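Inside the fold
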Amino acid sequence: MLRGITHRPRLLLTSALSLLAIAVPIATGRLSRAADDEQLSFRSGVSLVALNVTVTDGKAQYIPGLLPDDFAVYEDGVRQDLRFFASSDVPIDLGILIDCSASMRTTLQTAQEAAVGFVRVLRSQDRAAIIAFSKGTRVLQGLTGDKALLEAAIRSTTASHVTPLRDAIYIAIAEMRRQRLAYTEVRRQAIVVLSDGDDTASLLSFDDLLDIVRRAHVGLYTISLRPGWRPGWAQGSTPSDYEMHSLARETGGRVFFADDVNRLAGLYADVAEELAHQYSIGYVPRELDDSGFRRVLVRVVGRADAMVRTRTGYIAERRTAGAAIARRQP
C-alpha cells in the first residue's frame, strides 16, 4: 500500500515561503568545449539564475543544435555572461499533479492511463513525483526513476471532495525545492498539472502563489479538462484559466486545453516533447545587492524566425529577505 504524505498549507506556508525565498543555489564556473556541446564545469559558490529555454521557429518546430554563443541574455536590459549551458541531455525532475476532486469521477481512469503513458516515456536519468489533490494534497510518490512505483501511485488515486489547485502547486514547488537543495547535480525541473475545474478550496491566494513562483525556477505546465471548450475561449474564461495562463507565462511553461479526456495522452506527449527539446542556461547577475523583481529576456542571435520562451524574471533578494517574507504572512 502506498503511503501518502498529506500537507496542510496553512501550517506550512510561512516556513516554505522562507525556504523558497533563499536565492536559487548556483554555481560558478567556466564554459568548456565538449565534443557535442558546451557545458559548464561548475562548483558551489554564488547564486546562479537558471533558465529553462524553449526555442521554436516560425512553424512552431523546435530548433535543435544551438550553442552558447547563439543566446543573448538580458536582465533589466543589461546583457549577462552565460556561466552554464546544456541542451537536451540534462536530467529532468517532474512533479505530476493529478486532480482527484469529485468532478473527476467519470474521467479519472482515463486520466490515469494518460499519466502512466507520460511516465513511461521518461528517460533512465529522469525522475518524477506523483502528487494528488482533493480534500488535501498528498505526495503519493516522491521523486524516483522507478516507473513501477510511479505507475502504482498514479493508479492508486480516487476521486472525491474539492479542488485545492493553488495549494497543490505550492506543495509541488516546495517538494522540488527540497530536492534541489539535497542534490548537487544540475537537473531541469518542471511541474505538470491536470485539473478539470476552478480552484474551490485553496488557502493560498493567487498573489501569494505568484510570489512563490517568482522565487522558484520551475516550469509550470497545466492541462485543463474543459468539456465543450473551443479555441478562443481559453484566455480568462474562468478564474483558474486566467491564473494558470499567468503562472505558465511567468515560468516559461504552457497551458493546454482538452475538450475530451481522450486527448490527454496526446497533450502529455506534447509536454514530454517540449521538455526533451529545451536548453538549460544560467548566469550570475552582475549586481547582487538589489532586491525586487528583475525582468529577464532571452534572444537567439542571428535567427530572425526564432521564438524564445522562458520565465519572465525572478525576485532577487538578499539572504535576510526570507524573514521579511515570512513576517508578511498571517
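Treat the numbers as computed from the prediction; the structure is a model and nothing was measured. (Residues numbered from 1 in each chain as written. Predicted model: local features only at pLDDT ≥ 70, side-chain atom pairs only at ≥ 80, totals over all residues. Heavy atoms only, no water.)

A word on the pattern of salt bridges. A complete count under the given rule lists 15 salt bridges for this structure. The salt bridge partner of Glu243 is Arg166, with a shortest N-O separation of 3.1 Å. Taken together, the residues Glu243 in helix 6 (residues 239-251) and Arg166 in helix 4 (residues 165-182) connect sequence positions 77 residues apart. For the pair shown, Glu243 and Arg166 are each scored as buried. One salt-bridge network, in which partners are shared between bridges, spans Asp93, Arg127, Glu185 and Arg187. (Salt bridge = Lys/Arg side-chain N within 4 Å of Asp/Glu carboxyl O. Helix = DSSP H or I, 4+ residues; strand = E, 2+ residues; numbered from the N terminus. Buried < 20%, exposed > 50% of the residue type's maximum accessible area, 1.4 Å probe, protein only.)

This part covers the packing of aromatic side chains. For any two aromatic rings, the description comes down to two numbers: the centre-to-centre distance and the angle of the planes. Overall, the coordinates contain five aromatic pairs when judged by the stated rule. Summarising the aromatic geometry, the rings of Phe71 and Phe85 are spaced 5.9 Å apart at their centres and angled 50° between planes, so their arrangement reads as tilted. With Phe71 in strand 5 (residues 71-75) and Phe85 in strand 7 (residues 82-86), this residue pair connects regions lying 14 residues apart in the sequence. Just as Phe71 is buried, Phe85 falls in that class too. Plain terms: the ring middles of Phe206 and Tyr242 are 6.3 Å apart, the flat faces sit at 55° to each other, and that makes the pair tilted. Of this pair, Phe206 sits in helix 5 (residues 206-213) while Tyr242 sits in helix 6; the two residues are 36 residues apart in sequence, bridging distant segments of the chain. Given a relative accessible area of 44%, Tyr242 falls into the partly exposed group. The structure contains a cluster of three or more aromatic residues connected by ring pairs, namely Phe71, Phe85 and Tyr279. (Phe/Tyr/Trp six-rings, centres within 6.5 Å; stacked < 30°, edge-to-face > 60°.)

Here the focus is the environment of Arg79. With respect to the helices and strands, Arg79 occurs in strand 6 (residues 78-80). By relative accessible area, which is 41% here, Arg79 ends up partly exposed. For the pair Arg79 and Arg286, spaced 207 residues apart in sequence, the C-alpha separation works out to 9.3 Å. With residues up to four places along the chain from it excluded, the contact list for Arg79 reads Phe71, Ala72, Val73, Tyr74 and Arg286. (Contact = heavy atoms within 4.5 Å.)

With that settled, consider the packing of helix 2 (residues 108-120) against helix 3 (residues 147-155). Orientation of helix 2 relative to helix 3, taken along the N-to-C sense of each, is 165°, at an axis distance of 9 Å. Between helix 2 and helix 3, the interaxial angle falls into the category roughly antiparallel. Read as a crossing pair, helix 2 and helix 3 show a hand that is right-handed. Of the residues in helix 3, those in contact with Gln112, Glu113, Ala115, Val116, Val119 and Arg120 of helix 2 are Lys147, Leu150, Glu151, Ile154 and Arg155. (Axes fitted to C-alpha atoms, helices over the stretch in contact; angles between N-to-C directions. Parallel < 35°, antiparallel > 145°, perpendicular 65-115°, else oblique. Left-handed = near helix turned anticlockwise from the far one by under 90°.)

With that settled, the discussion passes to the nonpolar core. Ranked by size, the top nonpolar core spans 37 residues in total, and within it Leu94 and Leu264 carry the most contacts. Elements with a minimum of two residues in this core: strand 8 (92-99), helix 2, strand 9 (127-133), helix 3, strand 11 (188-195), strand 12 (219-225), strand 13 (254-258) and helix 7 (264-276). It is helix 2 that contributes the most residues to this core, seven residues altogether. Once you skip the residues sitting within four places of it in the chain, Leu264 turns out to touch Ala111, Ala114, Leu194, Ile223, Leu225 and Ala258. Formed by 30 residues, the second largest nonpolar core is a distinct cluster that contains Val193, Leu209, Ile212 and Ala216. (Core = buried A, V, L, I, M, F, W, Y, C linked by side-chain atoms within 4.5 Å.)

Read across the sheet, four strands follow the order 7-14-4-16 without closing on themselves; strand pairing throughout is antiparallel. Unpaired on one side and paired on the other, strand 7 and strand 16 (307-309) mark the two borders of the sheet. Across the sheet, the axes of successive neighbouring strands diverge by a mean angle of 30°, strand direction being ignored. In this sheet, strand 14 (residues 279-283) lies alongside strand 4 (residues 49-56) in antiparallel orientation, the contact comprising five bridges. Looking at strand 14, one finds that Val53 is bridged to Tyr279. (Pairing = 2+ DSSP bridges.)

Now for the side chain of Glu243. Residue class for Glu243 comes out buried when judged on its relative accessible area of 11%. With sequence-adjacent residues up to four places away left out, Glu243 is seen in contact with Arg166 and Phe206.

Here we come to the confidence of the model for the protein chain. On average, residues of the protein chain score 81 in pLDDT, and 78% of them are at 70 or above. Per-residue pLDDT stays below 50 along residues 1-46; that stretch engages in 111 contacts with residues further than four places along the chain or on separate chains. The low-confidence segment residues 319-330 (pLDDT under 50) makes 18 contacts with residues lying over four places distant or belonging to another chain. (pLDDT = per-residue confidence, 0-100.)

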